[in-house]
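If you want the building blocks of each chain, they are given just below.
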Amino acid sequence: GKVEAIVMNASGCGVTVKEYARHLQHDPAYAERAAKISALTRDLSELLPELVPTLKARLNGKTPKLAFHPPCTLQHGQQLRGGVEGGLRELGFDVQLATNESHLCCGSAGTYSVLQPELSKHLRDRKLANLLPLESQTIVSANIGCIQHLQSGTTLPVKHWVEVLDEALGA
């Protein structure tokens, strides 16, 4: 009956919830509860390695070529690198990262795309210029803002990595 984890599938939400303990550390009413929540929070990609054996047996063989955009909230905020693409590769997906600037922001950055639209679009176009030469069937990421922002600059499908995995598990 105990909660083992709070699993986040949106890296922006995950980094925020993981920071609750720090943000509320001096609040007498919430410090202890915030610390518990932060300690329990896991990004979905952190669970992928233990799920691979079970998932692998259920795949339908349709594993498209993917370009992965690691969002800032996952790679810099949560310090989680390589888990998504490693897990997907282990499942049989051909996953590539941009050979240049994969560590850079796509320009979404929360409200940045609203407050700085010109710079945001420039960053998006720069990111897409590094992803599109990979000739993938789909661009995947782990952040909803990145997915929407990148999709606004290309006709290539941009999805959450778990959507593509779900499709590969379908009948």
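First, a word on what this report is: a plain description of the structure on this page.

### Let's talk about the sheet that holds strand β6 (residues 158-160)
Part 1 of the argument: A sheet is described by the order of its strands in space; here four strands give the open sequence β4-β3-β5-β6, paired in parallel fashion. Sheet topology places β4 (94-97) and β6 at the edges, where each strand pairs with a single neighbour. Taking each pair of neighbouring strands and ignoring which way they run, the sheet shows an average axis angle of 35 degrees.
Part 2 of the argument: One ladder, built from three bridges, connects strand β5 (residues 138-141) with β6; its direction is parallel.

### Structural notes on the pairing of β5
Part 1 of the argument: Side chains of β5 alternate between two faces, with T138 and V140 and I139 and S141 buried alike.
Part 2 of the argument: The pairing of strand β3 (residues 65-68) with β5 spans three bridges and is classified as parallel. Following the sheet pairing, A67 is matched in β5 by I139.
Part 3 of the argument: Once you follow β5 into helix α9 (residues 144-151) and on to β6, the crossover reads as right-handed.

### Observations regarding α9
Part 1 of the argument: Every buried residue of α9 is accounted for by C146, I147, H149 and L150.
Part 2 of the argument: Elements in contact with the buried residues of α9: α7 (112-115), α8 (117-131), β5 and β6.
Part 3 of the argument: Among the residues of α9, the N-terminal cap falls to N143, whose side-chain oxygen and the backbone nitrogen of G145 are separated by 2.8 Å.

### Structural notes on the environment of R89
Part 1 of the argument: Inspection of the secondary structure puts R89 in helix α6 (residues 83-90).
Part 2 of the argument: As for R89 and R42, which are separated by 47 residues in sequence, their C-alpha atoms are 21 Å apart.
Part 3 of the argument: Residues in contact with R89, not counting those within four places in the same chain, are V95, Q96 and L97.

Criteria and thresholds
- Residues numbered from 1 in each chain as written.
- Predicted model: local features only at pLDDT ≥ 70, side-chain atom pairs only at ≥ 80, totals over all residues.
- Heavy atoms only, no water.
- Pairing = 2+ DSSP bridges.
- Helix = DSSP H or I, 4+ residues; strand = E, 2+ residues; numbered from the N terminus.
- Axes fitted to C-alpha atoms, helices over the stretch in contact; angles between N-to-C directions.
- Buried < 20%, exposed > 50% of the residue type's maximum accessible area, 1.4 Å probe, protein only.
- Right-handed = clockwise from strand over helix to strand, strands pointing away.
- Contact = heavy atoms within 4.5 Å.
- Polar contact = N/O pair within 3.5 Å; in protein donor to acceptor, adjacent residues only side chain to side chain.

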